[in-house]
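# An overview of the molecular structure
One-letter residues, chain by chain:
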Amino acid sequence: MKFLFKQHRGYESDHTQFIKSLKEQNPAIEQGQREGRALLWDKSPLSLDERARQRDSAIKQQAYVYQNKL
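Structural notes, computed from the coordinates.

What counts, and at which threshold
- Residues numbered from 1 in each chain as written.
- Predicted model: local features only at pLDDT ≥ 70, side-chain atom pairs only at ≥ 80, totals over all residues.
- Heavy atoms only, no water.
- Helix = DSSP H or I, 4+ residues; strand = E, 2+ residues; numbered from the N terminus.
- Buried < 20%, exposed > 50% of the residue type's maximum accessible area, 1.4 Å probe, protein only.
- Phe/Tyr/Trp six-rings, centres within 6.5 Å; stacked < 30°, edge-to-face > 60°.
- Patch = residues over 30% accessible without salt bridge, like charges linked within 9 Å, V, L, I, M, F, W, Y side chains within 5 Å.
- Areas by Shrake-Rupley, 256 points an atom, 1.4 Å probe, with all protein chains shown as cover.
- Salt bridge = Lys/Arg side-chain N within 4 Å of Asp/Glu carboxyl O.

A tally of helices and strands in the protein yields 4 helices and 0 strands. In the protein, the succession of α and β elements from N to C terminus is α-α-α-α. Buried residues in the protein amount to 0% of all 70 residues.

Okay, here's the thing in structure tokens:
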């Protein structure tokens, strides 16, 4: 099986080549990606009090969301 992978070791897809050339043309892209990730995903953990406050203040969803309230 090893002989099958030797011939494809240096292969790069068109997508990979495009991304590499894009990053070479504009090196600030990676910094922008990091800032966007930090903005949306990398958040500091919440304290137990804050978690409890969020849990207690959440509005309970009805079983079938499209049904009118009776």
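Attention shifts here to the packing of aromatic side chains. Summed over the entire model, instances satisfying the criterion amount to 1 aromatic pair. Taking the centre distance of 5.9 Å and the plane angle of 70° together, the rings of Tyr64 and Tyr66 count as edge-to-face. For Tyr66, a relative accessible area of 69% gives the class exposed.

On the surface, a cluster of nonpolar side chains totalling about 260 Å² of accessible area is made up of Phe18, Ile19 and Leu22. For Ile19, the location among the structural elements is in helix H2 (residues 14–25). Relative accessible area serves as the criterion here: at 40%, Ile19 is assigned to the partly exposed category.

What follows is about the pattern of salt bridges. For the structure on display, the rule yields 5 salt bridges. With its nearest N and O atoms 4.0 Å apart, the salt bridge here joins Glu30 to Lys23. Residue class for Glu30 comes out partly exposed when judged on its relative accessible area of 33%. For Lys23, a relative accessible area of 31% puts it in the partly exposed group. Its salt-bridge partner being Glu50, residue Arg53 comes within 2.7 Å of it at the nearest N-O pair. With a gap of 3 residues between them, Arg53 and Glu50 both fall in helix H4 (residues 48–57), about one helical turn apart. Here the residues in one salt-bridge network are Lys23, Glu30 and Arg34, joined through shared partners.

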